[in-house]
Amino acid sequence: MKVIVIGGGAAGFFGAITCARYNYNAEIILLEKSDKLLSKVKVSGGGRCNITHACFDNNQLIKFYPRGGKELKTCFTYFSTNQTVDWFESRGVKLKTEADNRMFPVSDSSQSVVDCLIREARVLGVKIMTSFPVGGIERKNGQWYVKLRGGENMVCDKILVATGGSPSDDSYNWMRELGLEVVKPVPSLFTFNIPNSRLSGLQGVSVPHVEVRVEGTKLSHTGPLLITHWGFSGPAVLKLSAWAAREIHDMNYNFNIHINFVPEHTEESLREKLHEIKMEHSKKIVSSNPFFEIPKRLWERLTNIAGIEEEVRWMEVPNKSINKLLEELLRGNYSVKGKTTFKEEFVTCGGVDLKEVDIVTMQSKKQPGLYFAGEVLNIDAVTGGFNFQAAWTTGFLAGKSIAED
Ligand SMILES: Cc1cc2nc3c(=O)[nH]c(=O)nc-3n(C[C@H](O)[C@H](O)[C@H](O)COP(=O)(O)OP(=O)(O)OC[C@H]3O[C@@H](n4cnc5c(N)ncnc54)[C@H](O)[C@@H]3O)c2cc1C
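Per-chain numbering applies: the sequence of each chain, read as written, is numbered from 1 onward. The model is predicted, so local features are restricted to residues of pLDDT at least 70 and side-chain atom pairs to those at 80 or more, both for listing and for counting; the totals for chains, interfaces and linings are taken over all residues. Each side-chain value is worked out from all heavy atoms of the structure, with water and hydrogens disregarded.

## A look at the overall build of the chain
So the rule is basically this: To qualify as a helix, a DSSP run of H or I must reach at least 4 residues; to qualify as a strand, a run of E must reach at least 2; elements of each kind are numbered from the N terminus. Summary of the burial criterion: residues with accessible area below 20% of their type's maximum are buried, those above 50% are exposed, and those between are partly exposed, where the area comes from a 1.4 Å probe applied to protein chains only. The contact criterion used throughout is that any non-hydrogen atoms of two residues lie within 4.5 Å. Exposure was quantified through the Shrake-Rupley algorithm and a 1.4 Å probe, taking into account, for residues, occlusion by the shown protein chains and nothing else. In this tally, Asp and Glu contribute negative charge and Lys and Arg positive charge; neither His nor the terminal groups of the chain are included. A charged residue contributes its charge at one atom only: NZ of Lys, CZ of Arg, CG of Asp or CD of Glu.
Counting secondary structure elements, the chain contains 13 helices and 20 strands. C-alpha atoms of the chain, sized along the principal axes, occupy 85 × 40 × 35 Å. Looking at the chain as a whole, 53% of its 405 residues are labelled buried. The contacts of the chain with a sequence gap of at least 6 include a subset with a gap of at least 24, amounting to 72%. For the chain, the exposed surface amounts to about 17700 Å²; the carbon and sulfur share of it is 48%. Side-chain charges in the chain split into 49 positive and 46 negative, and the spacing between the mean points of these groups amounts to 2 Å.

## Things to note about the environment of Val 146
Mapping Val 146 onto the fold places it in strand S8 (residues 143-148). Among residues more than four places away in sequence, those in contact with Val 146 are Ile 4, Leu 31, Val 134, Gly 136, Ile 137, Glu 152, Asn 153, Met 154, Cys 156 and Ile 159.

## Section: the side chain of Thr 228
The topology assignment puts Thr 228 in the loop between strand S14 (220-227) and strand S15 (231-233). Judged by its relative accessible area of 12%, Thr 228 is buried. What Thr 228 contacts, discounting residues up to four positions off in sequence, is Gln 203 and Ser 233.

## Here's the deal with the side chain of Thr 18
Checked against the element boundaries, Thr 18 lands in helix H1 (residues 10-22). The contacts of Thr 18, once residues within four sequence positions are left out, are Gly 395, Phe 396, Gly 399 and Lys 400.

## Topic: the site of the ligand
To be explicit about the condition: Think of it this way: one heavy atom of a residue within 4 Å of a molecule or strand is enough to make that residue near it. Polar contact is defined as a pair of N or O atoms within 3.5 Å, subject to the rule that within protein one atom must be able to donate a hydrogen and the other to accept it, and that residues adjacent in sequence are counted only when both atoms are side-chain atoms. As a working rule, the residues Ala, Val, Leu, Ile, Met, Phe, Trp, Tyr, Cys and Pro are called nonpolar, Asp, Glu, Lys and Arg charged, and the rest polar, with Gly in that last group.
In the vicinity of the ligand there are 31 residues, among which Ala 11, Glu 32, Val 134, Glu 375 and Phe 388 approach most closely. The separation between an oxygen atom of the ligand and a polar main-chain atom of Ala 11 is 2.9 Å. Between Gly 45 and the ligand, the recorded distance is 3.1 Å, taken from a backbone N or O atom to an oxygen atom. Burial of the ligand by the protein amounts to 92% of the accessible area it has alone, namely 1000 Å². Where the shell around the ligand is concerned, the elements lending two or more residues are H1, helix H2 (39-47) and helix H13 (386-404). Tallying contributions element by element places H2 first for the shell around the ligand, with four residues. Residue composition of the shell around the ligand, by class: 14 nonpolar, eleven polar and six charged.

## Here we look at the sheet that holds strand S6 (residues 127-129)
Here is the rule we go by: Two strands make a pair as long as DSSP finds a minimum of two bridges between them. Every axis corresponds to a line fitted to the C-alpha atoms, with the helix fit spanning only the stretch in contact, and the corresponding angles, defined between N-to-C directions, vary from 0 to 180 degrees.
With parallel pairing, five strands are arranged side by side in an open sheet as S6-S2-S1-S10-S20. The outermost strands of the open sheet, each flanked by one partner alone, are S6 and strand S20 (370-372). Averaged over all pairs of adjacent strands, the angle between strand axes in this sheet comes to 20°, irrespective of strand direction. Two elements, strand S1 (residues 2-6) and strand S10 (residues 158-161), share four bridges in a ladder whose sense is parallel. When the bridges of S10 are listed, Ile 4 appears paired with Ile 159.

## Comments concerning helix H12 (residues 319-331)
Basically, it comes down to this: The span one expects for a helix is its residue count, reduced by one, times 1.5 Å.
When the terminal C-alpha atoms of H12 are compared, their 18 Å separation across 13 residues agrees well with the 18 Å that a helix rising 1.5 Å per residue should span. Burial in H12 covers these residues: Ser 321, Ile 322, Leu 325, Leu 326, Glu 328, Leu 329 and Leu 330. Where H12 is buried, its residues meet strand S16 (254-260), helix H10 (267-280), helix H11 (296-305) and strand S17 (332-337).

## Examining the pairing of S14
Where strand S13 (residues 206-214) lies against S14, six bridges are found, and the strand directions are antiparallel. Among the inter-strand pairings, Ser 206 is bridged to a residue of S14, identified as Leu 226. Linking S13 back to S14 in an antiparallel pair, the connection comprises five residues, with Gly 216 at a positive phi of about 80°. The pairing of S14 with S15 spans two bridges and is classified as antiparallel. Bridge pairing links Ile 227 to Phe 232 in S15. Counting the residues that bridge the hairpin from S14 to S15 gives three residues.

## Re the environment of Lys 283
Turning to its location among the elements, Lys 283 is positioned in the loop between H10 and H11. With relative accessibility at 64%, the residue Lys 283 sits in the exposed group. With 31 residues separating them along the chain, Lys 283 and Trp 314 place their C-alpha atoms 6.2 Å apart.

## Some points on the packing of aromatic side chains
This is how it is decided: In summary, the pairing rule links any two rings of Phe, Tyr or Trp, Trp by its six-membered ring, whose centres are within 6.5 Å, and it sorts them by plane angle into stacked for under 30 degrees, edge-to-face for over 60 and tilted for everything else. Counted as over-ring charges are cases with an Arg CZ or a Lys NZ within 6 Å of the ring centre that also lie within 35 degrees of the ring normal.
According to the stated counting rule, one finds 19 aromatic pairs in the structure shown. Centroid distance Phe 192 to Phe 255: 5.4 Å. Interplanar angle 85°. Geometry classified as edge-to-face. You can see Phe 192 sitting in strand S12 (residues 190-193) and its partner Phe 255 sitting in strand S16, a full 63 residues away along the chain. When sorted by exposure, Phe 192 lands in the same class as Phe 255, which is buried. Ring centres 6.4 Å apart and planes at 50° place the aromatic pair Phe 292 and Trp 299 in the tilted group. Overall, Phe 292 belongs to the buried group, its relative accessible area being 16%. We classify Trp 299 as buried; its relative accessible area is 0%. An aromatic cluster is present here, built from Phe 14, Tyr 22, Phe 79, Trp 87, Phe 88, Phe 388, Trp 392 and Phe 396 joined pairwise through their rings. The ring of Trp 87 carries Arg 91 above its face, with NZ or CZ at 3.9 Å from the centroid.

If you want it as structure tokens, here you go:
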């Protein structure tokens, strides 16, 4: 059996290695269009590779995937985070868990992951060919023809497509030519640009717990918020950008958000609390004594926006300013105009529609002998090691079923 794996990233390598492990007689060729292997693994996690996440309950794990969670629930019963840990540790890549449950190699170097995957593939006899861009694939007389850009063809019995995500719709045309449905790709994981924000100048300030809501929708997420030079970032914004990737794309990245700096409060309880503070701290200067765990610089700005002058004490604050402060704390309105990719750790929302593949074997339902793994599928997650986990899992399932089929 001759197998061609298209794409030398996390999913392609894991698929090729698994196939080779489960079928020693298979001839496996991995084609990578660039001259570099595993380039995203190399740069990932700031060069440390956030390889997976210490979440060992699959019901919890799937909650981190805006697209593909339901289908991955089945996949994870075969290969999940604990198998990823075992797989790498048994091959000499010891892992550690950070406080936020992200897992990294103990070496703090992605190179140890890259080296492990390349070594394993070579030991198992996978033939790796770089600078081999594939221009298309075709099925004739029960065999697959892989079109190389020089006009040549390579013939094989089975193909694993692991070409990764792409925000360009055209890059999925060869899937569509095979009659497969592709969910239109749009970017995920980005931060919000807020030009001329009334919080400008506060870059670096972070608030531990806020709710960010897209105006006019039910889309909202909670978590830490970071004020940047250009707008807002931090987990609350990144989660929202992932879960609302398509809706925000359809709004052309021009939309309003409401920020709630006190999500533990209702309007009523917040109003009560502000009046209570006014009574109990009547002699304190408002702007220099923050409440609600809001950092001092931000509190100063919010009270200033509410019309409370620098030296004003709580007893001097008129109700009008209390109302304005309540509005700013509970639903401050900001206009988003554009996005910025988060440390370039972007992923693609969209790709080959999951209804096209058998979710246990990763084989195309319409095209026998054609398999998919990784981000080329309509699967993506928030940050934290979940995207690589999806690549390891789907690569494993595709490789094993190609080997055993
Ligand atoms: C900068 C950055 C940092 C990231 N950090 C993390 C992290 O720390 N943790 C995490 O979980 N996720 C991270 N991600 C996301 C993660 O890297 C991807 O989800 C993951 O790499 C997907 O693996 P893949 O094998 O499906 O695709 P890719 O890694 O994109 O690999 C696809 C490969 O296919 C090749 N290819 C494409 N088309 C062709 C063709 N026609 N012919 C031949 N070859 C082709 C590409 O050149 C590429 O090498 C990061 C992403 C980025 C961009």
